[in-house]
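Now for the letters of each chain:
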Amino acid sequence: MLKLVNISQQFGDKVLYEKLNLQINTGEHVGLIGQNGAGKSTLIKIITGEILPDGGSVELPKNQTVGYLDQYVRVDEQLTIYEFLTQAFAKEKAIEGEISKLYEEYSRTPNDTLLEKAGKFQTQLDQSEFYQMDTLIQEMAVGLGLDVLGLDSFLKNLSGGQRSKVILAKLLLEKPAILVLDEPTNHLDDKHVQWLTSFLQNFSGTFLVVSHDQHFINEITTHIADIEFGTLTKYTGNLAKALKQKEANQETYMKRYEAQKKQIEKTESYIRKNKAGSRSKMAKSREKQLAKVERMTPPTNQIQPNFDFPYKEIVATFAVTTQGLTIGYEKPLLKPIDLSIRYGEKVVLKGFNGIGKSTLLKTLLGKIPALSGEFYYPANTKIDYFEQELTWQSPLQTPLQYLEEKFPSTSYKELRRQLSRCGLNSQLVQESLQLLSGGEQTKVKLAQMTLQTSNFLILDEPTNHIDQKTKESLQETLGNYQGTVLVVSHEQEFYSSFVDRVIDIEKQDTI
């Protein structure tokens, strides 16, 4: 269904791949994994034709469609959700139009050939899902939580996350030959991730998925494609099986590497000792043999992120309290909120996408005004905030320039140190922000958080783009943080180890 042949790609001095190869066969459910910056999203863009590789080719069967989840695709904002979703059946609608034309022509000029043509088109429609369109749209809307928004809602009135779900729904309804999904769970809550998991498990077609949600990837895949150090390895089985096989392969490689290293050292020692003596001929012969040896690449240790959010102590019983707080824009999103979070408590905010989690955080931060009600912080509260949107005022700035602007009194050396601690090497800190992967950009924002003292951390979906090692490091840091933590996250595996309380703002449970 899809073949990548000798794909090479480089951005500036950053080499992503050299002669990368991948074959995906009919019916395979493939998860694409790799550390932040390995080039997963770039590879997706090469497959979909959004960018051309520096070298190599993408091979697809003729007349096969690739359906790509592009969360930033331009849409007609005057359409309702229902009207937009019916576009998934555009081909069938066109056939229906042709049938009508043929019957209209037949009424003017009776000709059996016209009826025969119309009959063939009708058979095509009968064999498609066209007449189940409304049922399928309704099922998809319920599965992804669009029914709550109302199918008669206009696209122009939707948030970015809600629009992403609508685009995903249309793509799934289209059922392309190959489905390509880049982080499809980013705007879904637990309930809708479970529904998508079940849908993809039962999907009869072929798909390639990028996701940092390990549980999700493990549940839906039959194969794993792992990008590491510019090369790609394909494993049979789900993520758990692939990682087990990868670990075994690494152990075997390490043994072979160490054995070769010892043999080379032994040979080099022999050559040094005997180059000028009676055995010089033998030493020269071994030197020639050694020059022909294909040396194994030494294992590379990637930077392990290590976060530390500086803490400034205050004396307080409650970190934040609200009284009749009504949030929203023109109209309320929720009923008035009476919330109390004790100082030092670690709380997760959950609820379906679009209900108002991010709006609540932005209201508490004073970024948008409350419609009514009040909220209170104790004196000397210092908030450190992680915003989920990866938008930059000056995307051409490097991470170093960005942090220098934010912290002019902090030394260049300290800024470099914090970026390195957050998993960004010396090459990446000199790249422009727009050329960094989503995970690398997230690390820049986390590095910014490590440069300011706080006693209250507020994080909005911090795990959307980061790899497993970064996730585990952030998880440990938040668990050890002495102040208050308020997190919005759809990943239970991420927050379950450190959270004291989960608040479902849809039900306003345990507030």
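Going by the structure above, here's the rest.
An account of the accompanying structure is given in this report.

Cut-offs and rules
Counting of residues starts from 1 at the beginning of each chain's written sequence and follows it residue by residue. Selection of residues for local features in this predicted model requires a pLDDT of at least 70, selection of side-chain atom pairs for listing and counting requires 80 or more, and totals for whole chains, interfaces and linings are taken over all residues. Excluded from the side-chain calculation are hydrogens and water; included are all heavy atoms of the structure. The helix and strand labels rest on DSSP assignments: H or I over at least four residues marks a helix, E over at least two residues marks a strand, and numbering proceeds from the N terminus. Exposed residues in this analysis have more than 50% of their type's maximum accessible area, buried residues have under 20%, and partly exposed residues fall in between, with area computed by a 1.4 Å probe over protein chains only. Whether two residues are in contact is decided by their heavy atoms, any of which lying within 4.5 Å being enough. Shrake-Rupley sampling with a 1.4 Å probe provides the accessible areas, and residues are treated as covered by the protein chains on show and by no other component. Lys and Arg are tallied as positive, Asp and Glu as negative. Neither His nor the chain termini are counted. A charge is said to be at NZ when it belongs to Lys, at CZ for Arg, at CG for Asp and at CD for Glu. A pair of strands counts as paired when DSSP detects no fewer than two bridges linking them. Lines fitted to C-alpha atoms define the axes, with helix axes restricted to the stretch in contact, and inter-axis angles between N-to-C directions lie between 0 and 180 degrees. Pairing of aromatic rings covers Phe, Tyr and the six-membered ring of Trp, with a centre-to-centre limit of 6.5 Å; geometry is then stacked below 30 degrees between planes, edge-to-face above 60, and tilted otherwise. Cation placement over rings: the criterion is NZ of Lys or CZ of Arg within 6 Å of the ring centroid and within 35° of the ring normal. The nonpolar core is taken to be a set of buried Ala, Val, Leu, Ile, Met, Phe, Trp, Tyr and Cys residues, with the residues joined through side-chain atoms within 4.5 Å. What a helix should span is 1.5 Å times the count of its residues minus one. Directions are taken from the helix axis to each C-beta atom, and the arc is the one they span.

1. Considerations on the overall build of the chain
Per the secondary structure count, the chain includes 16 helices and 17 strands. Along the first, second and third principal axes, the C-alpha atoms of the chain reach 105 × 75 × 40 Å. Each of the 511 residues in the chain was classed as buried or not, and the buried ones make up 48%. Taking contacts inside the chain between residues at least 6 apart in sequence as the whole, the part at least 24 apart equals 70%. In the form shown here, the chain has an accessible surface area of approximately 26,300 Å², with 47% of it arising from carbon and sulfur atoms. Here the chain holds 59 positive side-chain charges and 64 negative ones, and the gap between their average locations is 11 Å.

2. Description of the sheet that holds strand E16 (residues 484–488)
Spatially, the five strands line up as an open sheet ordered E14-E15-E16-E12-E17, and their pairing is parallel. Where the open sheet ends on each side, the last strands, each with one partner, are strand E14 (383–386) and strand E17 (501–504). Strand-to-strand twist across the sheet, computed as the mean angle between neighbouring axes with direction ignored, equals 15°. Where strand E12 (residues 346–350) and E17 come together, four bridges link them in parallel fashion. Across the sheet, the residue bridging to valine 348 is valine 502, located in E17.

3. So, the environment of alanine 379
Residue position: alanine 379 is located in the loop between strand E13 (372–376) and E14. The class for alanine 379 is exposed, based on a relative accessible area of 59%. Separated by 200 residues in the primary sequence, alanine 379 and leucine 179 have C-alpha atoms spaced 52 Å apart.

4. Notes on the packing of aromatic side chains
Throughout the structure, instances matching the rule amount to ten aromatic pairs. Where phenylalanine 307 meets phenylalanine 309, the ring centres are 6.5 Å apart and the plane angle is 15°; that geometry is what we call stacked. Considered together, phenylalanine 307 and phenylalanine 309 belong to a single accessibility category, that of buried residues. Centroid distance phenylalanine 494 to phenylalanine 498: 5.6 Å. Interplanar angle 80°. Geometry classified as edge-to-face. With respect to burial, phenylalanine 494 and phenylalanine 498 carry one shared label: buried. Three or more aromatic residues joined by ring pairs make a cluster, and in this case those are Trp195, Phe199, Phe203 and Phe207. Above the plane of the ring of tyrosine 270 lies arginine 286, whose end atom (NZ or CZ) is 3.9 Å from the centre. Geometry around phenylalanine 386 places lysine 445 over its ring, the cationic atom sitting 5.0 Å from the centre.

5. Points about the nonpolar core
One finds Leu85 and Leu200 to be the most contacted residues of the largest nonpolar core, which totals 47 residues. Considering every element that reaches this core, the biggest residue donor is helix H6 (residues 160–174), with seven residues. Formed by 34 residues, the second largest nonpolar core is a distinct cluster that contains Phe386, Ala447, Val485 and Val487.

6. A short note on the sheet that holds strand E6 (residues 178–182)
Taken in spatial order, the six strands make up an open sheet running E5-E6-E7-E3-E8-E9, and their pairing is mixed. Every other strand in the sheet has two partners, leaving strand E5 (66–68) and strand E9 (231–236) as the edge strands with one partner each. Within this sheet the neighbouring strands show an average axis-to-axis angle of 20°, counted without direction. Inspection of the sheet shows E6 paired to strand E7 (residues 206–210) by five bridges, in the parallel sense. Each bridged residue has a counterpart across the sheet, and for leucine 181 the counterpart in E7 is valine 209. Where H6 meets the sheet, its contacts fall on E5 and E6, and the angle it forms with E6 comes to roughly 165°.

7. Here's the deal with helix H5 (residues 133–144)
Here H5 contains twelve residues, and its C-alpha end-to-end distance of 16 Å stays within 8% of the 16 Å for a straight helix at 1.5 Å per residue. Every buried residue of H5 is listed here: Met133, Leu136, Ile137, Met140, Ala141, Gly143 and Leu144. Buried residues of H5, seen end-on, are gathered within an arc of 165° and therefore sit on one face of the element. Residues of H5 that are buried make contact with helix H2 (81–86), H6 and helix H7 (190–201).

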